[in-house]
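# Coordinate analysis (summary)
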Amino acid sequence: MKNPVGSVIVILGALLGVLGIFLPFVTVEAGGVSLSTNVFTPICIAWIVLAVGAVACAFAGQKILTLILAILAGGGFAISFFANSGEVAEVGDMASKGIGYWLLIVGAVVMALSGIIYLVTAKPKTDQD
């Protein structure tokens, strides 16, 4: 691991985002019945692949590729968040935000910022590298 601080933040953003996709995003209660749903759709596979790619590039020391993949993954997590956050508003008082709601938006922000943090905390290359 060439940049431990940056790599840990990239991993944290990826974990938060991926968990946010799979954990309950919204829970609706009506008539004594409770139903929870997550935001996983086939496009989320692309966000997960981008996040895993950012983590792999961070471990390999690829600064620019880590930056690009982390920003794309963070943007993808944000798209999934905003595309589904209307569900919470639509059902009003019957709905409550699940842990996935919070993890997904925090994961999106951390993932996008992690690429920048990785780039800033990376040591400059020397002739010995």
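Relevant structure appears above.
In this report, the structure presented in the accompanying data block is examined.

Thresholds applied
- Residues numbered from 1 in each chain as written.
- Predicted model: local features only at pLDDT ≥ 70, side-chain atom pairs only at ≥ 80, totals over all residues.
- Heavy atoms only, no water.
- Helix = DSSP H or I, 4+ residues; strand = E, 2+ residues; numbered from the N terminus.
- Buried < 20%, exposed > 50% of the residue type's maximum accessible area, 1.4 Å probe, protein only.
- Areas by Shrake-Rupley, 256 points an atom, 1.4 Å probe, with all protein chains shown as cover.
- Lys, Arg positive; Asp, Glu negative; His and termini not counted.
- Charge placed at Lys NZ, Arg CZ, Asp CG, Glu CD.
- Pairing = 2+ DSSP bridges.
- Axes fitted to C-alpha atoms, helices over the stretch in contact; angles between N-to-C directions.
- 1 Å grid on protein atoms, 1.4 Å probe; cavity = no way out; pocket = protein on both sides within 12 Å on 5 of 7 lines; lining within 4 Å.
- Points joined across faces, edges and corners; volume = space filled by probe spheres on them.
- Nonpolar A, V, L, I, M, F, W, Y, C, P; charged D, E, K, R; others polar.
- Contact = heavy atoms within 4.5 Å.

### Some points on the overall build of the protein chain
What the protein chain contains, in helices and strands, is five helices and three strands. Its C-alpha atoms give the protein chain principal-axis dimensions of about 70 × 25 × 15 Å. Across the 129 residues of the protein chain, 39% fall into the buried class. For the protein chain, the accessible surface area stands at approximately 7100 Å², while carbon and sulfur atoms represent 72% of it. Counting 5 positive and 6 negative side-chain charges, the protein chain places the centres of these two groups 21 Å from one another.

### Some details on the sheet that holds strand S2 (residues 33–37)
The three strands are arranged S2-S1-S3 in an open sheet whose pairing can be described as antiparallel. Lying at the two open borders of the sheet, with one neighbouring strand each, are S2 and strand S3 (95–97). Taken pair by pair, the neighbouring strands of this sheet meet at an average axis angle of 20°, ignoring direction.

### Considering the pairing of S2
Relative to S2, strand S1 (residues 26–30) is paired through five bridges, and the arrangement is antiparallel. When the bridges of S2 are listed, Glu-29 appears paired with Ser-34. Hairpin connection between S1 and S2: a loop of two residues separates the two successive antiparallel strands, and Gly-31 in this loop has a positive phi of roughly 60°.

### A short note on the layout of surface pockets
When its volume is computed, the largest pocket comes out at roughly 290 Å³. Forming the walls of the largest pocket are 13 residues, and the residues nearest its centre are Lys-2, Gly-61, Lys-63, Lys-123 and Lys-125. At three residues, helix H3 (residues 63–84) tops the list of elements feeding residues into the lining of the largest pocket. Of the residues belonging to the lining of the largest pocket, the class tally is five nonpolar, three polar and five charged.

### Let's talk about the environment of Phe-22
Here Phe-22 is to be found in helix H1 (residues 4–22). Residue classification places Phe-22 among the partly exposed positions, given a relative accessible area of 43%. Along the chain, Phe-22 and Cys-44 lie 22 residues apart, while their C-alpha atoms are 9.8 Å from each other. Apart from residues lying up to four places away in sequence, Phe-22 is in contact with Asn-38, Phe-40 and Ile-48.

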